[in-house]
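# Residue-level structural notes
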Amino acid sequence: MSANFTASPFVGKTFGVTVEHLCKSYGESAVLHDVSFEVRPGEIYAIMGPSGSGKSVLLKQIAGLETPTSGSARIGNFDAADPATRNQVRLALVFQAGALFNSLSVYDNLALYPREHRLCDEAGIRDRVMHALHILSLEKSAGKLPAELSGGMKKRVAIARALVMEPQLLLYDEPTSELDPVMSATLSEIIATLREQTAVTSIVVTHDSNLALSIADRISILMDGRLRATGKAAEFKNHSDPVIANFLNPVIDLQNPRFKQLEQSHE
Amino acid sequence: MKQCLAIIGHLGSALLLLGRSLRFTGTLLRQFPRFVEQCYLIGYTSLPIVTILLFFIGSVLALQSGYSMENFGAKQFIGTLVGLSTVRELGPVMVAILIAGRVGSAITAELASMKVYQEIDALITMNIPPERMLVLPRLAAIIVMMPVLTLIGILCGWFGGALTCQYTHSISIDSEVYFTALKQFMKNRDVADGLIKAEIFGFVIVLICCHLGLSTRGGPREIGASVTRAVVTSLIFILVLDFFVTKGLLLVP
């Protein structure tokens, strides 16, 4: 699989992200509590945390799909919650389940963005789409419908769709879930190479520690809706906080199974 | 009280959706392929069932009125009764009910599914407003197709009534007599009123169904719940609006 990009570089056009005192509640249920961090332009920033810690909710606030209860998320100088921001910032979000348009073929899924925004003529669109499909080894699937693809292939199509947008801010929601180890490693390379060649700011929400530690410049750990730690990726390899160390490198202890602790905590 | 507030909330949201969709009217020409696709789905695929439904409604109406009017010696006016009832009331209402059940449910199911499976979120992040791509072509298509379907349905109803009158032994009215009576009391205004009603019903059905589809939250189970809600709400609106629009049209000189 190739990981070479010839897409036009966006150096200087990429945006940083600033999240300040962000809280998000759904009715009585508070999901995010006073979350603050900053992603520098061109950086790969990983947000890690266990399931249900609020990672995807945080990503939705940055993508502008939801409005924070309080606090703010800003992309460059633009408020992420303001719909007008999308006219200023080309933002792509790779959804966990792909979120492909089921009624459109893989090709048309990728061609939708340039067609709707009239970025180029049909020949230009074809070049862009086929190039993105080539990067992710999906040329043979161009005519297929999403329903005919495996979970992993859907994820790759979703990434290809993001590449066609030539984004200035790229958000990934669990990019390696449902992928086999080889495809996960390839995807890590793609994310890293994309940043290297296009300088696009990338925020990766994941609980895959291999992915985060191998490609991220900095990492934040989100637990129970609160940021527990933020730092350079190298700092997390042997973290002093036992909770974080245990999350990043869980030890399987057959003598003292973890699920028994869970049972006790539920009692 | 909570229910009333919820209904008012939905009405407000549907009107906002309409406002947001109308903002993109200028892009309608670009949406032409989607508009044609929706015309096909709303109009062409509904045509067989509209013709069958209205043909038999016209037939039953002729049968029932033939049975009743014979007692008054007014059989020759069956054409007038069937003609006016079909054009002013039964045509628009029955086509609207059919569109709510057949097209409205499909619209809600499709949009609700897109919402639940994050396709709508994907559109938003791609800066492609769902109102422009999904709502506007459907509204435009119903505006064009609803009068066409209603007109064809009305003609089928008249034809069904005429055939029933001619070939039912107890009625035995020649088609010529039937259509003469129909023409005698039918004005262009009656046809116009029927088509105006159909247009309003169709527009409201599509707006309600798009709104309820796009406001679906939760998992796949909610898709079914939204479809049921959309069909029931559309039917209620058709019948309530029918009264007020008829009253309003009768007031217009």
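Structural notes, computed from the coordinates. (Residues numbered from 1 in each chain as written. Chains lettered and ligands numbered in written order. Predicted model: local features only at pLDDT ≥ 70, side-chain atom pairs only at ≥ 80, totals over all residues. Heavy atoms only, no water.)

### Observations concerning the packing of aromatic side chains
Under the convention used in this document: Here is the rule: rings of Phe, Tyr and Trp (six-membered ring for Trp) pair when centre to centre is within 6.5 Å. Planes less than 30 degrees apart are stacked, more than 60 are edge-to-face, and the remainder are tilted. Secondary structure elements are taken from DSSP: a helix is a run of H or I of four residues or more, a strand is a run of E of two residues or more, and numbering for both begins at the N terminus. Only protein chains enter the calculation, and the probe is 1.4 Å; a residue is then buried if its accessible area is under 20% of its type maximum, exposed if over 50%, and partly exposed in between.
Evaluated as defined, the whole model comprises 9 aromatic pairs over all chains. Ring geometry for F15(A) versus F78(A): centroids 6.1 Å apart, planes at 65 degrees, classification edge-to-face. Within this pair, whereas F15(A) is found in the segment before β1 (17-26), its partner F78(A) is found in strand β5 (residues 78-79), the two being separated by 63 residues in sequence. By relative accessible area, which is 16% here, F15(A) ends up buried. What links up through ring pairs into an aromatic cluster is the set F55(B), F56(B) and F159(B).

### Structural notes on the interface of chain B and chain A
What counts, and what does not: Contacts are assigned to residue pairs that have any heavy atoms within 4.5 Å of one another. Once two parts are brought into contact, the accessible area they lose, counted with a 1.4 Å probe and summed over both, makes up the buried area. Only one rule defines a salt bridge in this text: a Lys or Arg side-chain nitrogen within 4 Å of an Asp or Glu carboxyl oxygen. In protein, a polar contact means a hydrogen-donor-capable atom and an acceptor-capable atom, both N or O and within 3.5 Å, with residues adjacent in sequence counting only if both atoms are side-chain atoms; elsewhere, any N or O pair within 3.5 Å suffices. Three categories are distinguished: nonpolar for Ala, Val, Leu, Ile, Met, Phe, Trp, Tyr, Cys and Pro, charged for Asp, Glu, Lys and Arg, and polar for the others, with Gly belonging to the last.
In this complex, chain B contributes 17 residues to the contact, which on the side of chain A involves 20 residues. Of the roughly 1700 Å² buried between chain B and chain A on both sides combined, carbon and sulfur atoms contribute 57%. Where chain B meets chain A, there are 2 salt bridges. Across the pair E116(A) and R34(B) runs a salt bridge whose closest N-O atoms are separated by 2.7 Å. On the surface where chain B and chain A come into contact, there are 9 residue pairs in polar contact (both at pLDDT 80 or more). Only α5 (119-125) and α6 (130-167) of chain B provide two or more residues apiece to the side of chain B that touches chain A. Residue contributions to the side of chain B that touches chain A peak at 6 residues, all from α5(B). By residue class, the composition of the side of chain B that touches chain A is 8 nonpolar, 4 polar and 5 charged.

### Regarding unusual backbone geometry
All names here are of chain A. Non-glycine residue S137 carries a positive phi angle of around 50 degrees. Mapped onto the elements of the fold, S137 is located in the loop between α4 (122-135) and α5 (151-164). Positioned with a positive phi, A199 is a non-glycine residue whose angle comes to about 60 degrees. Locating A199 in the fold gives a position in the loop between α6 (181-198) and β8 (201-206).

### Comments concerning the packing of helix α1 (residues 2-22) of chain B against helix α8 (residues 188-214) of chain B
All names here are of chain B. What counts here: Only C-alpha atoms enter the line fits that serve as axes; for helices the fit covers just the stretch in contact. Angles between N-to-C directions range over 0 to 180 degrees. Angle categories are assigned with fixed cut-offs, so that under 35 degrees is roughly parallel, over 145 is roughly antiparallel, 65 to 115 is roughly perpendicular, and the rest are oblique.
For the pair α1 and α8, interaxial distance at closest approach is 9 Å and the crossing angle is 105 degrees. Relative to α8, α1 is oriented roughly perpendicular. Of the residues in α8, those touching α1 at H10, S13, A14, L17 and L18 are F203, L207, C210, H211, L212 and L214. Across the contact of α1 with α8, the residue classes tally to 8 nonpolar, 3 polar and no charged.

### Examining the environment of Q184(B)
Checked against the element boundaries, Q184(B) lands in helix α7 (residues 175-185). Here the alpha-carbon distance between Q184(B) and G79(B), two residues 105 residues apart in the chain, equals 9.4 Å.

### A word on helix α1 (residues 55-63) of chain A
Residues and elements named next belong to chain A. Of all 9 residues in α1, 7 are buried, a share of seventy percent or more. Here α1 has its buried residues at K55, V57, L58, L59, Q61, I62 and A63. Following α1 by one or two positions, G64 adopts a phi angle in the positive range, close to 80 degrees.

Just geometry here; none of it tells us what the structure is for.
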